[in-house]
Amino acid sequence: MVGKNCFAIASDRRLGVQLQTIATDFQRISKIHDRLFIGLSGLATDSQTLYQRLVFRHKLYQLREERDMKPETFASLVSALLYEKRFGPYFCQPVIAGLSDEDKPFICTMDSIGAKELAKDFVVAGTAGESLYGACEAMFKPDMEPDELFETVSQALLSSVDRDCLSGWGGHVYIV
Amino acid sequence: MKLDTSGLESTSPFFGSGDELCPELSAAPSFSLPLSTDFDEFQKDTKATLKHAKGTTTLAFIFKEGVMVAADSRASMGGYISSQSVKKIIEINPYMLGTMAGGAADCQFWHRNLGIKCRLHELANKRRISVTGASKLLANILYSYRGMGLSVGTMIAGWDETGPGLYYVDSEGGRLKGTRFSVGSGSPYAYGVLDSGYKFDMSIEEAAELARRAIYHATFRDAASGGVASVYYVGPNGWKKLSGDDVGELHYHYYPVTPSTVEQEMAEVAGA
């Protein structure tokens, strides 16, 4: 979710196999660099592999360009990587959030074969996605300060996962 | 196939006989059946999409003082939680309880129907029906609807002249007498706690705590169970609801959070 010169990215903490809960402290959001985070929902093994490939590509970029990747560029990279596997896809839906030039927040989400969806306010992914759309739509206000953004994102996440069997056990929220 | 329609007989069969204005009242009540020769394949795809997986946890066990019955309260449709406050322990009459697992409508309807038949038995025979008899009535009805898509996994618990009684009855037509049962998608987890903590000589409080803990552990691991853990006790004077605790609160009650080191702190980030 986008705020005033800041963004928030949040996820739940449950890891499960269909109905059985395996872990209640699973990290779904990972850092690419200090101003760019990616959250990967869906199949855990695919999200781990995809994250490792993205870190690899970003490190190469840092060596060649001698700077960090911009979020827009990174989103295109993720989209390309996902489409490479068009006929045997990674079963993940990424949510990308970063600060680009002049601290302007950038967010986007993708389906599992790389269709980018840019938004100015919020993006969602996961089993409780439809629920999250409703909750975010109701609670979002433009230009929120970090503290208010944190409250909004947390409440939207918690109320949506309370209506989903396959999500829950708390949340991780990152404000940048 | 002869269906057992005794559950649908009205209590006043002779009302309005010969009344041409309302022929439906005096006609024998019945469910209209689909015009199909093969009931097993009939609308199989539709039934599959309704996902009648028995997403719940219920348990019951007999001990020295009587029968302890417990259940969660979550209703799920696939992944969506439709309710966190469903009554899964159905009061058939003041000394008998039934648990709900499977299709909610099926369980509610047939348990209420069973309550009616038990009362009729009492009036006809001037004595209460036994748990054996009540469970047999229900099992016979469910057997006659076998293969038509009813989804019922219930336990009939009660106290009659022979003492505490517990039967498991399901929509496949099975009926089992036993001392410990758990039904639903969370039952493997509940069995683990229940079986390792069970002793016949328990007090009512110990048995209630065991039942509550077993339901809590099932709701922890099973995504389709959650909400409130209700515990009922059936004794010589009938049933009594002992507790209804939210499983989220039970979690922090059993495993209190100790203040730990900070996981992540806000850090100053160098500008781009």
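Just so it is clear, the model here is predicted, and its values are computed rather than measured.

Undergrad: Looking at this structure, how should I read the overall build of chain A?
TA: For chain A, the count of helices and strands is four helices and nine strands. When the helices and strands of chain A are placed in sequence order, the string is β-β-β-β-β-α-α-β-β-β-α-α-β. Here the analysis covers contacts within chain A between residues at least 6 apart in sequence; of these, 60% occur between residues at least 24 apart. Just so you have it, chain A exposes about 8900 Å², and 51% of that area is on carbon and sulfur atoms. Once the 19 positive and 24 negative side-chain charges of chain A are each reduced to a mean point, those two points are 6 Å apart.

Undergrad: For this particular structure, what's the right way to read the overall build of chain B?
TA: A tally of helices and strands in chain B yields seven helices and twelve strands. Per-residue burial for chain B yields a buried fraction of 43% across its 272 residues. Intrachain contacts of chain B at a sequence separation of at least 6 include 63% that bridge at least 24 residues.

Undergrad: Which parts of the structure should I look at to understand the packing of helix H1 (residues 44–65) of chain A against helix H2 (residues 71–84) of chain A?
TA: Helix-helix packing: each pair is described by the crossing angle between the helix axes and the interaxial distance. Residue and element names in this part refer to chain A. In contact at an axis separation of 11 Å, H1 and H2 are set at 130° when each is read in the N-to-C sense. In terms of their interaxial angle, H1 and H2 are classed as oblique. Taken as a pair, H1 and H2 cross one another with a handedness that is right-handed. Across the interface between the two elements, Leu50, Arg53, Leu54 and Arg57 from H1 touch Phe74, Leu77, Val78, Leu81, Leu82 and Glu84 from H2. For the contact of H1 with H2, the residue count by class is seven nonpolar, no polar and three charged.

Undergrad: Even after reading the chapter, I still don't get the interface of chain B and chain A, so can you show me in this structure?
TA: How big an interface is tends to be reported as the loss of accessible area on association of its parts. Contacts between chain B and chain A engage 22 residues on the former and 17 residues on the latter. When chain B packs against chain A, close to 1500 Å² is buried across both sides, 55% of that on carbon and sulfur atoms. Three residues stand out in chain B for area buried against chain A, namely Phe220(B), Arg221(B) and Ala223(B), and they jointly supply 31% of the buried area on that side. At the junction of chain B with chain A, the criterion picks out zero salt bridges. Counting residues per element, the side of chain B that touches chain A draws most heavily on strand E4 (residues 80–83) of chain B, at four residues.

Undergrad: Please explain the environment of Ala70(B) as it appears in this structure.
TA: Residue and element names in this part refer to chain B. Mapping alanine 70 onto the fold places it in strand E2 (residues 66–71). On a C-alpha basis, the gap between alanine 70 and serine 182 in space is 9.3 Å, while along the polypeptide they are 112 residues apart. Excluding residues within four positions of it along the chain, alanine 70 makes contact with Thr58, Leu59, Ile89, Ala211, Ile215, Ser230 and Val231.

Undergrad: Help me out: how do you make sense of the state of the cysteines in this one?
TA: Covalent bonding between the sulfur atoms of two cysteines is what defines a disulfide. Inspection of the entire model under this criterion finds zero disulfides over all chains. Sulfur of Cys165(A): no disulfide; nearest cysteine sulfur belongs to Cys107(B) and is 18 Å away. On the basis of relative accessible area, Cys165(A) is assigned to the buried category, the value being 3%.

Undergrad: What am I meant to see in the UniProt feature "active site" (unreviewed entry) in chain B here?
TA: Residue and element names in this part refer to chain B. As annotated in UniProt, the feature "active site" (unreviewed entry) corresponds to Thr56 in the numbering used here. With respect to the helices and strands, threonine 56 occurs in the loop between helix H2 (44–49) and strand E1 (58–63). Every residue in contact with threonine 56, bar those within four places of it in the chain, is listed here: Asp72, Lys88, Met100, Ala101, Val183, Gly184, Ser185, Gly186, Asp222, Ala224 and Ser225.

Undergrad: Just checking my understanding: could you explain the packing of aromatic side chains for this structure?
TA: Any two aromatic rings considered together are summarised by their centre-to-centre distance and by the angle between their planes. Residue and element names in this part refer to chain B. Under the definition given, this model contains 14 aromatic pairs over all chains. Look at tryptophan 110 and tyrosine 145: their rings are 5.4 Å apart centre to centre, the planes differ by 45°, and that puts the pair in the tilted class. Here tyrosine 145 lies in the loop between helix H4 (131–144) and strand E7 (153–160) and tryptophan 110 lies in helix H3 (residues 104–125), a separation of 35 residues in the sequence. Since its relative accessible area comes to 5%, tryptophan 110 is described here as buried. Over the aromatic face of tyrosine 198 sits the side chain of arginine 180, whose NZ or CZ is 4.6 Å from the ring centroid.

Undergrad: Please clarify how the sheet that holds strand E6 (residues 96–99) of chain B should be interpreted in this entry.
TA: Either a parallel or an antiparallel arrangement is found when strands of a sheet pair, and the pairing is made through backbone hydrogen bonds. All names here are of chain B. Here we have five strands laid out as an open sheet, ordered E5-E6-E7-E8-E9, and antiparallel in their pairing. Each edge of the sheet is formed by a strand with only one pairing partner; in this case those strands are strand E5 (89–93) and strand E9 (175–177). Each strand of the sheet is rotated relative to its neighbour by a mean of 20°, with strand direction disregarded. Two elements, E5 and E6, share four bridges in a ladder whose sense is antiparallel. In the strand pairing of E6, isoleucine 90 is matched with glycine 98.

Undergrad: I tried to follow the side chain of Ser160(A) on my own but got confused; where do I start?
TA: Tracing the sequence through the fold places Ser160(A) in helix H4 (residues 146–161). Within the structure, Ser160(A) has its side chain in polar contact with the backbone oxygen of Ala156(A) (distance 2.9 Å).

Undergrad: Got a minute to help me understand H2(A) in this structure?
TA: Working note: α-helix, 3.6 residues per turn, so residues spaced by three or four point in the same direction. Residue and element names in this part refer to chain A. With 14 residues, H2 should reach 20 Å at 1.5 Å per residue; the first-to-last C-alpha distance of 20 Å fits that figure. The set of residues buried in H2 consists of Pro71, Phe74, Ala75, Leu77, Val78, Ser79, Leu81 and Leu82. On its buried face, H2 sits against strand E4 (29–33), strand E5 (36–42), H1, strand E6 (92–99), strand E7 (105–110) and strand E8 (116–119).

Undergrad: Would you take a moment to explain a nonpolar patch on the surface for this structure?
TA: Residues and elements named next belong to chain B. A cluster of nonpolar residues, Ile116, Leu120 and Leu123, forms a patch on the protein surface that exposes about 290 Å² of accessible area. Within the fold, leucine 123 resides in helix H3. For leucine 123, a relative accessible area of 55% corresponds to the exposed category.

Undergrad: What's the story with the sheet that holds strand E10 (residues 180–183) of chain B in this structure? I'm lost.
TA: Residues and elements named next belong to chain B. Overall, antiparallel pairing links the five strands, which are arranged E10-E1-E2-E11-E12 in an open sheet. Looking at strand neighbours, the two that pair on one side only are E10 and strand E12 (238–246), the edges of this open sheet. Direction aside, neighbouring strands of the sheet carry axes that sit 15° apart on average. Examined bridge by bridge, E2 and strand E11 (residues 228–235) share five bridges and lie antiparallel to one another. Pairing of valine 67 across the sheet is with valine 234, part of E11.

Calculation notes
- The residue count restarts for each chain, going from 1 along the sequence in the order it is written.
- The lettering of chains begins at A and the numbering of ligands begins at 1, in the order of writing.
- Only residues with pLDDT of 70 or above have their local features reported here, since the model is predicted, and side-chain atom pairs are shown and tallied only from 80 upward, although totals for entire chains, interfaces and linings are computed over all residues.
- Note: side-chain values were computed over all heavy atoms of the structure, leaving out hydrogens and water.
- For helices the rule is a DSSP run of H or I covering at least 4 residues; for strands it is a run of E covering at least 2, with both sets numbered from the N terminus onward.
- By definition in these notes, contact holds between two residues if any of their heavy atoms fall within 4.5 Å.
- Each accessible area value is a Shrake-Rupley result obtained with a 1.4 Å probe; residue values ignore everything except the protein chains displayed when judging cover.
- Counting rule for charge: Lys and Arg are taken as positive, Asp and Glu as negative, and neither His nor the chain ends is counted.
- Charge positions are represented by NZ for Lys, CZ for Arg, CG for Asp and CD for Glu.
- The cut-offs for exposure are 20% and 50% of the maximum accessible area for each residue type, with area from a 1.4 Å probe on protein chains only; residues under the lower value are buried, those over the upper are exposed, and the others partly exposed.
- Orientation is described by axes fitted as lines to C-alpha atoms, over the contacting stretch for helices, and by angles from 0 to 180 degrees between their N-to-C directions.
- Any angle from 65 to 115 degrees is called roughly perpendicular, while one under 35 is roughly parallel, one over 145 is roughly antiparallel, and all others are oblique.
- Each crossing is labelled by how the near helix is turned from the far one, with a counterclockwise turn of less than a right angle marking it left-handed and a clockwise turn marking it right-handed.
- In the scheme used here, Gly and all other residues not listed as nonpolar or charged are polar, with Ala, Val, Leu, Ile, Met, Phe, Trp, Tyr, Cys and Pro taken as nonpolar and Asp, Glu, Lys and Arg as charged.
- When two parts are brought into contact, each loses some accessible area as probed by a 1.4 Å sphere; the total of that loss over both is the buried area.
- Note on definitions: salt bridges are taken to be side-chain nitrogens of Lys or Arg within 4 Å of carboxyl oxygens of Asp or Glu.
- Put simply, a disulfide is two cysteine sulfurs that come within 2.5 Å.
- UniProt positions are given in the numbering used here, feature names are shortened, and annotations may be inferred rather than shown by experiment.
- Between rings of Phe, Tyr and Trp, where Trp is taken as its six-membered ring, a pair exists when centres lie within 6.5 Å; planes separated by under 30 degrees are stacked, by over 60 edge-to-face, and by other angles tilted.
- Geometrically, a charge over a ring is one whose NZ (Lys) or CZ (Arg) sits within 6 Å of the ring centre while staying within 35 degrees of the ring normal.
- Any two strands with at least two DSSP-identified bridges between them are counted as paired.
- Counted as a polar contact is a pair of N or O atoms within 3.5 Å, where, for protein atoms, one must be capable of donating a hydrogen and the other of accepting one, and residues adjacent in sequence contribute only when both atoms are in side chains.
- Helix span, as expected, comes to 1.5 Å for every residue beyond the first.
- Note on patches: the residues involved have over 30% relative accessible area and no salt bridge, like charges join within 9 Å, and the nonpolar side chains Val, Leu, Ile, Met, Phe, Trp and Tyr join within 5 Å.

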